[in-house]
Amino acid sequence: MPCTRTQAEPNEESHDMDQVRVRFAPSPTGHLHIGGARTAIYNWAFARRHGGDFILRIDDTDPERSTDENTQAILRAMEWLGLDWDEGPGAGGDFGPYFQTQRSELYAQGLVTLQANDAVYPCFCTADELKGRREAAREAGGFAGYDRRCRAIDTEEAAARIARGDEHVWRLAVPLERDDVTFVDAIRGETAFPIGSLDDFILVRSDGTPTYNFATVVDDVAMEISHVVRGDDHLSNTPRQILVFEALGGEVPTFAHLSMIWGADGKRLSKRHGATSVEAYRDLGYLPEAILNYLTLLGWSLDDKTTMIDRDTLVENFSFERVSKNPAVFDTDKLEWMNGVYIREMPVEEFADRMSALLTAQGMLTGAEAEERREWLLKLAPLVSERIKRMDEIPSMVGFFFSDTVEFDDKARKKVLDKAGAGCAMDAVEAVLKGLDTFETESIEAALRDVPEALDLKPRIVFQAVRVALSGSMVSPPLFESIDLLGKEKTLQRLRQARSSATD
RNA sequence: GGCCCGUUAGUCUAGCGGUUGAGGACGCCGCCCUCUCAAGGCGGAGAUCACGGGUUCGAAUCCCGUACGGGCUACCA
């Protein structure tokens, strides 16, 4: 006899995979958050994997904090990450509008449906009363949700009070006789909530606007969402929402709850942890490919080895089965390393373009110069790309090529220019370079290699002195290449200039 | 308080009952390369698989409990 399966397995097949429709529904009360971005990536990847639709819906029901500027920023960040949506702002679609503030009619209709189904009742309790009773209940131990007092008011009286203009909200009448609410989460497996632990929560506020748990379900039904993929801060909301789905007569989608992303201190990622928005990382010089790669693998794995993964491989392989259940700490060090890998892999032409754009934006180069010096920039590009982890490191690394004067940092002056032999080294190097006819990396190197021995100095002493003379710093791109790129005239001039403040 | 979720090295993870004296990656340490810094190569330290019971010939893997962390319990989302 085959063994009996006692517990349901996480199962993505409970809905027809040909009709996958998922949505990412950010609230435009801020920019696209790192955690939100990961949720968006998983939604997107799942839709693409199954040839489904990826819908972007803007949950702008909080009028106080929602702004159009935030909405635009979120759209920009999504595009920057390469997460294209099939329906939503700018994309259209048959299930719009895609802003919740434009869907109030749907919510009103939803309420009518629930009223017709006897699934809701008006509640006239005031916030103060509720607070008092809630606290008392909690102190007594046990259930501390709404005590369902207004559920006892008969329909006629309720209607009279409403007609009279009494302020009221609409609450869901939780079917007390129902079995426990269970569902198979695609990531966590079977999850059960005792029906008695669910209170008659508010669906419609006294001002007539829907609460999150109501609006979301109305929209998910109307938009025919097949899979709800979201953060696990919504796991406890799920049984409530399932009740609303049922009351509405809608089909309950499959749920997949992602764990949270934490800061290094094990607390929920927030402003205190530094940059938390996707655009902030963009401005810090991170590449979209790196962010996508890092976030993809922060909570999902392809196998036991893969750390570098591209968009296509993600789409070909994504599944909820391999999404991890536990929270993940956002590790900036690893992201930075990964960004460096992508920078190094970038074709030189592309890197040169991005570098030009950056330098132009910084005012170190004009657009015209960038074009004229294209060849020169192409030579510089690989020297820089190999040494940085973030694009924003570029200006400080190559600044000395573009300035007229060299600023020596204190450490370089003390540890190099003031060292015995530095002056002689510069004299000798100047003399050798002055006599060079072909001023190219190879010839420069060939000529300078002999200098240390001739002066009976260590190579390090000689070359560091030159480096500081040219760049002002103890760290720079490779010396011979830098001399080549700087050009003969500037090189000689800087050597002479540095010579005056050096020790013999 | 109640309900729910989670727990493999500092971090992200692999592992879905025996081939694991727990694999990979970041970070860390050392060596090599070397004009600096990187990059690269090689090597190393680091995990009593939260803890305690059980099931089993055998458990990181299944079950129960405890601890710790998190979420929900709002006329926020």
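Structural data are supplied above this passage.
**Focus on the sheet that holds strand 3 (residues 120-123)**
Strand order in the open sheet made by the three strands is 3-4-7, with antiparallel pairing throughout. The outermost strands of the open sheet, each flanked by one partner alone, are strand 3 and strand 7 (202-204). Here the strands of the sheet are splayed against their neighbours by 45° on average, with no regard to which way each runs. Relative to strand 4 (residues 169-172), strand 3 runs antiparallel, the two being bridged by four bridges. Note that in strand 4 the partner of Pro122 across the bridge is Trp170.

**Points about the packing of helix 3 (residues 104-116) against helix 6 (residues 212-222)**
At a minimum axis separation of 10 Å, helix 3 and helix 6 run at an interaxial angle of 95°. The angle between helix 3 and helix 6 falls in the class roughly perpendicular. When helix 3 is examined against helix 6, the residues Leu106, Tyr107, Gly110, Leu111 and Leu114 are found in contact with a partner set consisting of Phe214, Ala215, Val218 and Asp219. Residue composition of the contact of helix 3 with helix 6, by class: seven nonpolar, one polar and one charged.

**As for the pattern of salt bridges**
Within this structure, the stated rule accounts for 32 salt bridges. A salt bridge links Arg65 to Asp62; the shortest N-O distance between them is 2.9 Å. Notably, a salt bridge pairs Glu350 with Arg354, separated by 3.6 Å at the nearest N-O pair. With Glu350 and Arg354 both in helix 12 (residues 348-361), this residue pair falls four residues apart, about one helical turn. Look at Glu350 and you get partly exposed, because its relative accessible area is 34%. Under the relative-accessibility criterion, Arg354 is labelled partly exposed at 30%. In this structure, a network of salt bridges that share partners links the residues Arg23, Arg57, Asp59, Arg103, Asp219 and Asp220.

**Observations concerning the side chain of Asp166**
In this structure, Asp166 sits in the loop between helix 5 (155-164) and strand 4. A polar contact is formed between the side chain of Asp166 and the side chain of Arg164, at a distance of 3.2 Å. With sequence-adjacent residues up to four places away left out, Asp166 is seen in contact with Phe124 and Arg161.

**So, the packing of aromatic side chains**
The tally for this structure, following the rule as stated, stands at 13 aromatic pairs. A centroid spacing of 5.7 Å and a plane angle of 65° characterise the contact between Tyr281 and Phe330, whose relative ring orientation is edge-to-face. Of this pair, Tyr281 sits in helix 8 (residues 278-283) while Phe330 sits in the loop between strand 11 (328-329) and helix 11 (332-345); the two residues are 49 residues apart in sequence, bridging distant segments of the chain. By relative accessible area, which is 4% here, Tyr281 ends up buried.

What counts as what
Residues numbered from 1 in each chain as written. Chains lettered and ligands numbered in written order. Predicted model: local features only at pLDDT ≥ 70, side-chain atom pairs only at ≥ 80, totals over all residues. Heavy atoms only, no water. Pairing = 2+ DSSP bridges. Helix = DSSP H or I, 4+ residues; strand = E, 2+ residues; numbered from the N terminus. Axes fitted to C-alpha atoms, helices over the stretch in contact; angles between N-to-C directions. Parallel < 35°, antiparallel > 145°, perpendicular 65-115°, else oblique. Contact = heavy atoms within 4.5 Å. Nonpolar A, V, L, I, M, F, W, Y, C, P; charged D, E, K, R; others polar. Salt bridge = Lys/Arg side-chain N within 4 Å of Asp/Glu carboxyl O. Buried < 20%, exposed > 50% of the residue type's maximum accessible area, 1.4 Å probe, protein only. Polar contact = N/O pair within 3.5 Å; in protein donor to acceptor, adjacent residues only side chain to side chain. Phe/Tyr/Trp six-rings, centres within 6.5 Å; stacked < 30°, edge-to-face > 60°.

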